[in-house]
Amino acid sequence: MCQVFAGQDPASYSYQTRSIRLNGQSTSIRLEATFWGLLEKIAKSQGLSVPKFVSTVHKEALLLHGEVSNFTSLLRCACIVYLQGGAGDDLAEAAQAS
């Protein structure tokens with residue numbers, strides 16, 4: 001059973017750092033390759049680039065919660081919500097609105 005988890009290609013959990021502008025400020029975000037792949041799928045489903053999607057998530061989190069203390073964790077959790085299907089209706093509505 002654990003081989004399913006432990007047997008992953010090491011490239012899938014290697015860190016990748018990308019430079020992105022968040023609301024006009026340059027920053028670097030370091031995530032595992034698997035999460036970048038998921039963010040690419042989510043962004044594509046919204047008709048956005050990954051930097052635009054990530055910037056939008058950041059902006060909306062600031063509006064909803066104020067300071068975002070651990071943005072990379074927020075992005076990882078967003079990927080999990082996506083995989084669990086919890087964002088399906090919201091993503092479909094947003095895509096229709098744009």
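See the structure shown above.
What counts and how
Residues numbered from 1 in each chain as written. Predicted model: local features only at pLDDT ≥ 70, side-chain atom pairs only at ≥ 80, totals over all residues. Heavy atoms only, no water. Helix = DSSP H or I, 4+ residues; strand = E, 2+ residues; numbered from the N terminus. Buried < 20%, exposed > 50% of the residue type's maximum accessible area, 1.4 Å probe, protein only. Contact = heavy atoms within 4.5 Å. Areas by Shrake-Rupley, 256 points an atom, 1.4 Å probe, with all protein chains shown as cover. Core = buried A, V, L, I, M, F, W, Y, C linked by side-chain atoms within 4.5 Å. Phe/Tyr/Trp six-rings, centres within 6.5 Å; stacked < 30°, edge-to-face > 60°. Lys NZ or Arg CZ within 6 Å of the ring centre and 35° of its normal.

Visitor: When you look at the overall build of the protein in this model, what are you seeing that I'm missing?
Guide: Scanning the protein from N- to C-terminus turns up 5 helices and 2 strands. Starting at the N terminus and walking to the C terminus, you meet the elements of the protein as α-β-β-α-α-α-α. For the protein, the proportion of its 98 residues judged to be buried stands at 29%. Intrachain contacts of the protein at a sequence separation of at least 6 include 42% that bridge at least 24 residues. Of the roughly 6700 Å² of accessible surface on the protein, 55% is carried by carbon and sulfur atoms.

Visitor: What is the right way to look at the nonpolar core in this model?
Guide: By size, the foremost hydrophobic cluster in this structure holds 19 residues, and its most contacted members are Ile-29, Leu-39, Val-54, Phe-71 and Leu-75. For this core, the secondary-structure elements that each account for two or more residues are strand S1 (15-22), strand S2 (25-32), helix H2 (33-45), helix H3 (50-65) and helix H4 (71-83). A total of 6 residues in this core trace back to one element, the largest contributor, which is H2.

Visitor: When you look at the packing of aromatic side chains in this model, what are you seeing that I'm missing?
Guide: Describing an aromatic ring pair means giving the distance of the ring centres and the angle of the ring planes. By the definition in use, this model includes 0 aromatic pairs. Taking NZ or CZ as reference, Arg-30 lies 4.0 Å from the ring centre of Tyr-15, over its face. Positioned above the aromatic ring of Phe-35, the side-chain terminus of Arg-76 is 5.9 Å from the ring centre.

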